[in-house]
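One letter stands for each residue in the lines below.
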Amino acid sequence: MVIDDDKDIGELVVAAAQEMGFVCVATTNAAQFPELFTFDTNLILLDLMMPEMDGIEVLRLLSEQQCKAGIVLMSGISTRILETAEKLARALGLSVVGHLQKPFRLTELEEVLSKYLDMGAPKNVVNYSPQADFQDEELRNAIECDELVLHYQPLTDIETGNVAGLEALVRWQHPTLGLIFPDNFIPRVEALGLIDELGWLTIDRGLAEVGKFVDKDGVIPGISLNITVHSLLDLKFPDTFISLTKKHGVSAANVTIEITETGLIKELSYALDVLTRLRMKSVQLSIDDFGSGYAMMKQLRNVPATELKIDMNFVQNMHINTGDRVMVQKTIEIGHELGLQVVAEGVETQQQLDFLRLEGCDIAQGYLFSRPLPQDGMVSWLEEYRSRQVQ
Ligand code: C2E
Ligand code: CA
Ligand code: CA
């Protein structure tokens, strides 16, 4: 999708993109954008300065829609401002491919388009099913009738190659629409006020299932559970949580709660109480999507975390963008200085893994090892992987 009030530039971009195999829509009127935007839009080239609605407003809209498309910012203003806008877009959780300083040459345009293609599969298509148009009532039923399932993805110790733990990721097994990914339904769960229920379902299920991943020596890997910060506002959370670990015979020290950096910062003073009590009971605490929230290090120093998970966008762009690479290096450094374990997620290539090893990152997670798999699939994957580890 090309959004530029200058018709000539819009047409030039469309022509070049079509030449490279993209299917394009273009508009010169940013106000039309909300109508044109759909969830199968994979790449958006956006002019920052437009009369009806400026590019920053469009970025906010995209962020509200949890847009996963790649974004290229274009403008005739100074590179500094473009870079600041790029940072803002990232802080809003958007996936920025790069920027084009006007006037740009055709080769520069082609370069940024191929960079997008190199970044891999169109993000909106991967884990976002636009056809998932379910009713809220169905979602409510799914939560009540336990139609949600967990898939598991390994966390690999970079130095030894051993599986250090598994992250549980929720999916909705819809009777007619098939498997629906969390980005499609969690925002609705939140809007329906059912996020705490979903949290308890996944905790209960994850703790019940983790024993299935035991190795031949009887060692059960750690399990990481994604919890929305909202659940932590309930002062009874630690006690209920611990009673569930006991019910399933799982050691609290083997369980990691993942909270996103943005969520944490939003509710820091309330969450600290519950988090501290969880830590006192040996539960591990991971700060997820670290770096995306631009949180102040000063604030995070007070969080009783045990782990930092570098935001996937940095890991995936570290070989194309110096800023992202520095972010990865600094996060590893700061994490270690604070005595935290550092995890890189979204690791898809050997090149990324090699770099992370060189930088001393502790744990890697990503498609390079395995996609998230259903419980049975993960049991077989582990069996295969562990037998190869021994050889
Ligand atoms: P997250 O916690 O950051 O989880 C990582 C996401 O990255 C997962 O998407 C995973 O499938 C995906 N991923 C893992 N490796 C790679 C890779 O190499 N490349 C790429 N491109 N992606 C990779 P998923 O499962 O769609 O989950 C999306 C988000 O939904 C999660 O992001 C998490 O914030 C949320 N979520 C998942 N399960 C739960 C849950 O049980 N409760 C809550 N509250 N949120 C959940
Ligand atoms: Ca996570
Ligand atoms: Ca994450």
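A quick note: this is a predicted structure, and the numbers were derived from the prediction, not measured.

*Asks:* Outline the side chain of Thr202, listing residues and values.
*Replies:* Locating Thr202 in the fold gives a position in helix α9 (residues 195-209). Under the relative-accessibility criterion, Thr202 is labelled buried at 10%. Here Thr202 is in contact with Leu150, Val170 and Leu225, once residues within four sequence places are set aside.

*Asks:* If you had to explain the coordination of the calcium ion (ligand 2) to someone new, which residues and values would you point to?
*Replies:* Distances from the calcium ion (ligand 2) to its protein donors, Glu167 (OE), Asn226 (OD1), Glu258 (OE) and Asp288 (OD), fall at 2.1 to 2.3 Å. For the calcium ion (ligand 2), all donor residues lie on one chain, and their spacing in sequence is E-x58-N-x31-E-x29-D. The metal-metal distance between the calcium ion (ligand 2) and the calcium ion (ligand 3) is 4.2 Å, with Asp288 serving as a donor to both. Remark: Glu258 occurs in strand β10 (residues 255-260) and Asn226 occurs in strand β9 (residues 222-226); sequence separation between them is 32 residues. A residue is classified by how much of its surface remains accessible, and Asn226, at 31% relative accessible area, is partly exposed.

*Asks:* Describe in detail unusual backbone geometry, supporting the description with residues and values.
*Replies:* Residues Lys102 and Pro103 are joined by a peptide bond in cis, for which omega reads -5°. Phi at Ser282 is positive, roughly 80°, even though this residue is not glycine. Position of Ser282 among the secondary structure elements: in the loop between α12 (268-280) and β11 (284-290). Located in the positive-phi region is Asp289, a residue other than glycine, with phi close to 55°.

*Asks:* How would you explain the sheet that holds strand β2 (residues 26-27) if you had to name every residue and give the values?
*Replies:* Across a sheet, strands are paired by hydrogen bonds formed along the backbone, either parallel or antiparallel in direction. The five strands lie next to each other as β2-β1-β3-β4-β5, forming an open sheet whose pairing is parallel. Each edge of the open sheet carries a strand with a single partner, namely β2 and β5 (95-101). Pairing analysis gives two bridges linking strand β1 (residues 2-3) to β2, with the strands arranged parallel. Its bridge partner being in β2, Ile3 is matched across the sheet by Thr27.

*Asks:* Account for helix α7 (residues 136-144), naming residues and giving values.
*Replies:* Among all positions in α7, only Leu139, Ala142 and Ile143 are buried. Taken end-on, α7 shows its buried residues confined to a sector of 95°, consistent with a single buried face. Taken together, the buried residues of α7 touch β6 (148-157), β7 (163-174), α8 (182-191) and α9. Backbone geometry just downstream of α7 places Asp146 in the positive-phi region, at approximately 65°.

*Asks:* Account for the pairing of strand β3 (residues 43-47), with residues named and values stated.
*Replies:* The element β3 is largely enclosed, with a buried count of five among its five residues. Alignment of β1 against β3, held across two bridges, turns out to be parallel. Bridge pairing in β3 places Ile3 opposite Leu46. Here β3 runs beside strand β4 (residues 70-75); their pairing, made up of five bridges, is parallel. Paired with Ile44 across the two strands is Ile71, which belongs to β4.

*Asks:* Can you tell me about the domain arrangement of the protein chain, naming the residues and giving the values?
*Replies:* Here the domain parsing of the protein chain yields domain 1 (2-125) and domain 2 (136-390). Using C-alpha coordinates to define each centre, domain 1 is positioned 31 Å away from domain 2. Contacts between domain 1 and domain 2 engage eleven residues on the former and ten residues on the latter. With both chains or domains summed, domain 1 and domain 2 bury close to 890 Å², and 42% of this area falls on carbon and sulfur atoms. Remark: the boundary between domain 1 and domain 2 carries two salt bridges. One salt bridge in this structure joins Lys68 and Asp183, with 2.0 Å as the shortest N-O distance.

Reading the values: the criteria
Residues numbered from 1 in each chain as written. Chains lettered and ligands numbered in written order. Predicted model: local features only at pLDDT ≥ 70, side-chain atom pairs only at ≥ 80, totals over all residues. Heavy atoms only, no water. Helix = DSSP H or I, 4+ residues; strand = E, 2+ residues; numbered from the N terminus. Buried < 20%, exposed > 50% of the residue type's maximum accessible area, 1.4 Å probe, protein only. Contact = heavy atoms within 4.5 Å. Donors = N, O, S within 2.8 Å, 3.2 Å for Na, K, Ca; no water. Pairing = 2+ DSSP bridges. Arc of directions from axis to C-beta. Domains from an automatic or database assignment. Buried area = accessible area lost by both parts, 1.4 Å probe. Salt bridge = Lys/Arg side-chain N within 4 Å of Asp/Glu carboxyl O.

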